[in-house]
Amino acid sequence: MKQASVKRFLTPLAVAGLALGGAFAASDSDTFVHLTFGNVDTLDPAQAYDTASGYILENIYETLYTYKKGSLTEYEPLLATSYEVSEDGKTYTYTLRKGVKFHSGNEFTCRDVEYSIERLLVTNPADSAGWFYAESLLGVSGNAKDVLGEDASDAEYDAFWEKIDNAVECLDDYTVQFNLVAPDPAFFAKMMYTAASIVDSKWAIEHGAWSGTKADWRDWIGVDLRQFDLHTAASGTGAYRLVKWDGKDVVAERFEDYWGEKPQIKNVLVSVVDEESARIEALRQGDADRITVNDRAVLETQIRGIPGVKVWEDPAWAPAAATAVQFNFNISGQDNPLIGSGKLDGKGIPPDFFTDPDVRKGFAYAIDQDALVDELFLGKAVKLTMPLPPSFLGYDEELPIYNLDLDKAEEHLRKAWGGQVWEKGFELTIAYNTGNTIRQTVAEMIKANIEALNPKFKVNVVGLQWPDFLSKSRDKQLPIAILGWGADYADPDNFIYTFFHTNGFFASRNSFSNPEMDALVEEARTTIDPEKRAELYSRIGQLGYELVPYVTIPVPSPFIVTRDNIEGVYYNPMYSGRFLWKHIVKK
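Small disclaimer: the values here were computed from a predicted structure and weren't measured.

Rules used in this analysis
One numbering rule holds for all chains: residues counted from 1, following each sequence as written. Totals for whole chains, interfaces and linings use every residue, but because this is a predicted model, local features are given only for residues with pLDDT of at least 70 and side-chain atom pairs only at 80 or more, for both listing and counting. To obtain the side-chain values, all non-hydrogen atoms of the structure were included, while hydrogens and water were left out. Numbered from the N terminus, helices here are DSSP runs of H or I no shorter than four residues, and strands are runs of E no shorter than two. Per-residue accessibility, obtained with a 1.4 Å probe over protein chains only, is compared with the maximum for each type, and a residue is labelled buried under 20%, exposed over 50%, and partly exposed between these values. Contacts are assigned to residue pairs with any non-hydrogen atoms lying within 4.5 Å of each other. Pairs of N or O atoms are called polar contacts if they sit within 3.5 Å, as long as, within protein, a hydrogen donor faces a hydrogen acceptor (for residues adjacent in sequence, only side-chain-to-side-chain pairs). Two strands qualify as a pair provided DSSP detects at least 2 bridges between them. Note on geometry: axes are lines fitted to C-alpha atoms, helical ones only across the stretch in contact, with angles between N-to-C directions running from 0 to 180 degrees. Salt bridges are identified by distance alone: a Lys or Arg side-chain nitrogen within 4 Å of an Asp or Glu carboxyl oxygen. UniProt positions are given in the numbering used here, feature names are shortened, and annotations may be inferred rather than shown by experiment. As used here, the arc belongs to the directions running from the helix axis to the C-beta atoms.

Student: An account of the environment of Ser53 is needed here, citing residue identities and associated values.
Tutor: Mapped onto the fold, Ser53 is located in helix α2 (residues 51-60). The class for Ser53 is buried, based on a relative accessible area of 0%. Not counting chain neighbours up to four residues away, the residues in contact with Ser53 comprise Val40, Asp41, Thr42 and Ala48. Reaching out from Ser53, the side chain makes a polar contact with the side chain of Asp50 at a distance of 2.7 Å.

Structure follows, in structure tokens:
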């Protein structure tokens with residue numbers, strides 16, 4: 001695979017050229033070619049909840065405000081020009097920009113904002129980001145069917161609709177008001193996520209989307225939006241308009257009627273090329289302007305030093321993500337070979353194996369954080385004290401961490417389950433998604449260190465294809481999951497609630513629940529004062545260390561690889577592409 005030829009690489013570009021009708025060659029000075037991996041899931045903002053989709057959406061759609069280039073704490077207006085928050089923190093009022101056109105030619109007004117956010121609340125598919133808007137605006141995380149149930153009365157559905165209808169109001173054509181059910185210090189940041197992109201309501205309705213009225217809202221509750229036109233077509237206000245997405249490669253072109261400064265790059269091609277060696281060779285030849293490289297070892301051994309190639313990195317850059325070894329407190333035992341016999345008999349583990357804190361601590365002390373930093377990330381990584389990016393409010397770098405200590409690991413495992421674990425032994429399997437070398441390395445590290453403690457301990461490591469891995473994770477079959485969370489919005493609640501609250505995404509999947517933790521998380525997410533919030537998150541981090549439902553693993557330092565004639569690159573972890581196309585220049 002490493003010897004893949006340039007000829008082989010050129011195939012997808014040729015396909016893209018056909019898609020454009022030969023409108024540009026890959027090496028043109030006004031064309032930006034990015035070779036990456038991972039297909040776009042959908043181009044409907046209300047459905048998309050993945051990085052590959054977000055990368056395209058953030059360039060063809062716009063939100064009301066956005067981040068100021070590389071900053072997580074400075075913002076700039078897009079489709080709004082100003083905003084204000086009521087004293088009680090429950091009302092957000094935005095003044096909207098005038099003179100903005102959608103790619104269709106339709107004029108942008110408040111009705112488009114109202115339609116976009118209400119559509120998000122109406123549909124709120126299970127695998128979308130709609131849940132955290134519903135929490136702020138409706139006081140629930142699910143859609144109407146999730147909350148009310150299929151057998152609810154018409155009156156109950158009518159009442160739910162009234163909540164949606166009242167959540168977003170147009171005071172006039174260029175003033176929109178959001179009515180929250182409770183103070184939410186994260187709401188402004190939530191409104192900068194791509195799910196809150198403003199769609200062209202007139203164009204969307206003409207293309208078969210929800211009518212925007214009560215008449216058909218119940219037909220759209222919880223539907224999979226990948227079945228409809230906005231899945232593959234778009235009319236946003238972004239600096240680029242979608243030309244084509246064929247299910248794999250994306251072609252976009254500069255929107256000539258864009259309200260803001262005209263970008264220098266005219267055409268953009270984002271092409272999925274799974275073979276890393278092919279991406280590297282294309283970069284070397286100048287056929288690609290940017291490639292995605294996920295492995296620092298590859299960067300150092302195969303890319304750095306290539307003439308004409310620039311590696312962008314900065315010690316101040318930090319990903320807005322956290323990955324952790326997650327212990328499942330209630331493993332699904334049905335048809336689950338990952339827990340063997342399902343009993344503590346030396347041939348498996350019981351579903352509640354990890355409810356014993358001594359088991360969790362035994363495994364925690366088997367993870368060599370220093371080795372991960374030095375050997376896996378070549379020294380370019382930071383150990384996390386809690387599952388929260390260090391750049392976020394509330395991260396406490398003084399908290400203790402678990403690191404390799406096999407004496408302590410043995411001490412805890414000897415005590416686990418009243419001594420039965422040590423006496424009888426166990427067998428379990430850790431799965432990782434095939435191709436993810438980081439997760440594979442961590443799993444194999446745990447296996448080696450745990451098995452070294454006692455010959456009766458057996459840990460298997462298996463690779464699964466991504467869909468199978470996700471399926472087993474959803475079905476709660478993984479005894480140990482090594483999974484990360486990337487920020488949806490730049491607020492600690494997006495991580496802390498996810499990992500630690502009973503109803504959070506990871507906590508619920510791992511059946512972790514602790515009343516003291518829930519109370520702290522709920523207090524923190526409604527506390528306006530930043531200092532008080534930070535103190536609460538520090539207490540949450542300390543309690544998390546004591547309860548050890550997770551062990552965070554080091555986060556690698558980010559980098560971006562482009563040709564050296566690309567300028568204007570910056571790093572913002574809240575952008576799926578790390579920078580916007582409209583800001584770059586090709587010399």
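Following the structure, the description resumes.
Student: If you had to explain the sheet that holds strand β13 (residues 321-327) to someone new, which residues and values would you point to?
Tutor: The 3 strands are arranged β17-β13-β18 in an open sheet whose pairing can be described as antiparallel. Strand pairing shows two members of the sheet lacking a second neighbour, β17 (480-486) and β18 (550-552), which therefore form its edges. In this sheet, neighbouring strand axes are inclined to one another by 30° on average, regardless of whether the strands run parallel or antiparallel. Summarising the sheet, β13 and β17 pair through 7 bridges and their orientation is antiparallel. The residue of β17 that forms the bridge with Thr323 is Gly484.

Student: For the pairing of strand β7 (residues 175-179), give the residues involved together with the corresponding values.
Tutor: Counting buried residues in β7 gives 5 out of 5 residues, a clear majority hidden from the surface. Residues Thr175, Gln177 and Asn179 point to one face of β7 and Val176 and Phe178 to the other, with burial holding for every one of them. For strand β5 (residues 91-96) and β7, the ladder comprises 5 bridges, and the chain directions are antiparallel. Bridge assignment links Tyr94 to a residue of β7, and that residue is Val176. Bridge count for strand β6 (residues 168-172) against β7 is 4 bridges, and the pairing is antiparallel. Paired with Glu169 across the bridge in β7 is Gln177.

Student: Residue-level account of the pattern of salt bridges, with values.
Tutor: For side chains bearing opposite charge, pairing can occur when the charged atoms are close. One pass over the full model with this rule turns up 24 salt bridges. In this structure, Asp127 and Arg226 form a salt bridge, with 3.0 Å as the shortest nitrogen-oxygen distance. Highlighted residues: Asp127 in the loop between α3 (110-123) and α4 (130-138) and Arg226 in the loop between α8 (201-206) and β8 (240-245), separated in sequence by 99 residues. Of the charged contacts, one joins Glu256 and Arg254 as a salt bridge, the two residues approaching to 3.2 Å between their closest N and O atoms. With a relative accessible area of 49%, Glu256 lands in the partly exposed category. Here the salt bridges do not stand alone but share partners, grouping Asp41, Asp127, Asp224 and Arg226 into one network.

Student: A description of the UniProt feature "domain: Solute-binding protein family" (unreviewed entry) in the protein should follow, citing residues and the corresponding values.
Tutor: The UniProt record annotates "domain: Solute-binding protein family" (unreviewed entry) at residues 74-504. Counting secondary structure, residues 74-504 comes out at 31% helix and 19% strand; the distance between its end C-alpha atoms is 28 Å.

Student: Explain the sheet that holds β7 residue by residue, including any values.
Tutor: Spatial strand order, β4-β5-β7-β6: 4 strands in an open sheet with antiparallel pairing. Looking at strand neighbours, the two that pair on one side only are β4 (80-85) and β6, the edges of this open sheet. Taking each pair of neighbouring strands and ignoring which way they run, the sheet shows an average axis angle of 20°. Relative to β5, β4 is paired through 5 bridges, and the arrangement is antiparallel. Across the sheet, residue Ala80 finds its bridge partner in β5, namely Leu96. Across the sheet, helix α6 (residues 154-167) is in contact with β6 and β7; its angle to β6 comes to roughly 40°.

Student: Give me helix α10 (residues 296-303): which residues, what numbers.
Tutor: Each α-helix winds once per 3.6 residues, and so residues spaced three or four apart point in a common direction. Every buried residue belonging to α10 is among Arg296, Val298, Leu299 and Ile303, and all of these are buried. Buried residues of α10, seen end-on, are gathered within an arc of 160° and therefore sit on one face of the element. Summarising the contacts, the buried residues of α10 are in contact with α9 (276-285), β11 (290-291), β12 (309-312) and β20 (560-563). Among the residues trailing α10, Gly305 stands out with phi positive, at a value near 100°.

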